[in-house]
Amino acid sequence: MSRIGRMPIAIPAGVTVEIAENNKVTVKGPKGTLERVLPSEMEIKVEGTEVHVTRPNDLKKFKSLHGLTRTLINNMVVGVTDGYEKKLEVNGVGYRASKSGKVLTLNLGYSHPVEMTDPEGIETVMEGQNIIIVKGIDKEKVGQFAAEIRDKRRPEPYKGKGIKYADETIRRKVGKTGKK
């Protein structure tokens, strides 16, 4: 049995979980509402203040879907109660970020500033000139947008310039050495 799939999901106070046909799960909470269609083979039941996910049999396909389904529902519950955030750092001489309205402007050593608009349900907040915080209730969207920002200028291994996650470590390399 899947260790993760077996675990019940506790529903905190102020959160409602509804399951419609074709396993369309709707989670409403203080921060907003999330909807997702999950694999129809999985059996999702709300029992009191817990959600239980069970699988029909032990085929490899259902084993792999079991833990995934449970984790996706849990991420939705955590998202509507606490929300998710990712921290990005802009490192490098002359590299900086600024925010005006919904547009994030990045100066990353290119001949032009890179402008990015916040997608629906995602908010970017500046902390100083070089820390960007991406916030939202959907874990997948937060991670995706943070990755798109990072892709504008990935950190390089020699000087460590670029955009990196706050908890990421860059493996540094030794530069060229002159002839002796």
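The structure presented is a predicted model; accordingly, all values stated were derived computationally and were not measured. (Residues numbered from 1 in each chain as written. Predicted model: local features only at pLDDT ≥ 70, side-chain atom pairs only at ≥ 80, totals over all residues. Heavy atoms only, no water.)

Caption draft 1: Structural context of the sheet that holds strand β13 (residues 162-165). Strand order in this open sheet of four strands is β11-β12-β7-β13, and the pairing throughout is antiparallel. Of all the strands in the sheet, the pair left with one neighbour each is β11 (122-127) and β13. Across this sheet, the average inter-strand angle for adjacent strands is 25°, counted without regard to direction. Note that strand β7 (residues 84-91) and strand β12 (residues 131-136) share six bridges and pair antiparallel. Within β12, the residue paired with Glu-89 across the bridge is Ile-131. Along the sheet face, helix α3 (residues 139-151) touches β7, β11, β12 and β13 and points at about 5° away from the line of β7. (Pairing = 2+ DSSP bridges. Helix = DSSP H or I, 4+ residues; strand = E, 2+ residues; numbered from the N terminus. Axes fitted to C-alpha atoms, helices over the stretch in contact; angles between N-to-C directions. Contact = heavy atoms within 4.5 Å.)

Caption draft 2: Representation of the packing of aromatic side chains. With the rule as written, the count across this model stands at zero aromatic pairs. In this structure, Arg-153 is placed above the aromatic ring of Tyr-110, and the distance from its NZ or CZ to the ring centre is 4.3 Å. (Phe/Tyr/Trp six-rings, centres within 6.5 Å; stacked < 30°, edge-to-face > 60°. Lys NZ or Arg CZ within 6 Å of the ring centre and 35° of its normal.)

Caption draft 3: Fine view of the side chain of Thr-26. Here Thr-26 lies in strand β3 (residues 24-29). Among the residues examined, Thr-26 registers a relative accessible area of 11% and is labelled buried. If near-sequence neighbours (up to four positions away) are discounted, Thr-26 is found in contact with Thr-16, Val-17, Glu-18, Thr-33, Leu-34 and Glu-35. (Buried < 20%, exposed > 50% of the residue type's maximum accessible area, 1.4 Å probe, protein only.)

Caption draft 4: Focus on the nonpolar core. Val-17, Val-25, Val-27, Leu-38, Ile-44, Val-51 and Ile-73 are the most contacted members of the largest nonpolar core, which has 20 residues in total. Of all elements in the fold, only β3, β6 (50-54) and α2 (60-81) reach the threshold of two or more residues within this core. The leading source of residues in this core is α2, at seven residues. For Val-51, the residues in contact, after removing those within four places along its chain, are Pro-8, Ile-9, Ile-11, Val-17, Ile-44, Lys-45, Val-46 and Ile-73. Counting residues in hydrophobic clusters, the runner-up holds 19 residues, among them Tyr-84, Tyr-95, Met-116 and Ile-122. (Core = buried A, V, L, I, M, F, W, Y, C linked by side-chain atoms within 4.5 Å.)

Caption draft 5: View of the environment of Gly-48. Structurally, Gly-48 can be placed in the loop between β5 (43-47) and β6. Distance from Gly-48 to Ile-11, taken between C-alpha atoms, is 8.7 Å for residues 37 residues apart in sequence.

Caption draft 6: Structural view of α2. The end-to-end C-alpha separation of α2 is 33 Å, in line with the 32 Å expected for 22 residues at 1.5 Å each. Positioned one or two residues after α2, Gly-83 has a phi angle of 85°, which is positive. (Expected span 1.5 Å × (residues − 1).)

Caption draft 7: Just the pattern of salt bridges, in detail. By the definition in use, this model includes ten salt bridges. With a closest N to O distance of 3.1 Å, Asp-58 and Arg-55 form a salt bridge. (Salt bridge = Lys/Arg side-chain N within 4 Å of Asp/Glu carboxyl O.)

Caption draft 8: Representation of the confidence of the model for the protein chain in the model. Scored by pLDDT, the protein chain comes out at a mean of 91, with 98% of its residues at no less than 70. Averaged pLDDT values over the elements of the protein chain bottom out at 86 in helix α1 (residues 3-6) and peak at 95 in α3. (pLDDT = per-residue confidence, 0-100.)

Caption draft 9: A look at the pairing of strand β10 (residues 114-117). The side-chain alternation of β10 yields one buried face, formed by Val-114 and Met-116, and one unburied face, formed by Glu-115 and Thr-117. Pairing of strand β9 (residues 103-107) with β10, which is carried by four bridges, proceeds in the antiparallel orientation. Across the sheet, Leu-104 pairs through a bridge with Met-116, a residue of β10. Linking β9 back to β10 in an antiparallel pair, the connection comprises six residues, with Gly-109 at a positive phi of about 80°.

Caption draft 10: Main features of unusual backbone geometry. Non-glycine residue Asn-22 carries a positive phi angle of around 60°. Within the element layout of this structure, Asn-22 appears in the loop between β2 (16-20) and β3. Although it is not a glycine, Asn-23 sits at a positive phi angle of roughly 55°. Following the sequence through the fold, Asn-23 ends up in the loop between β2 and β3.

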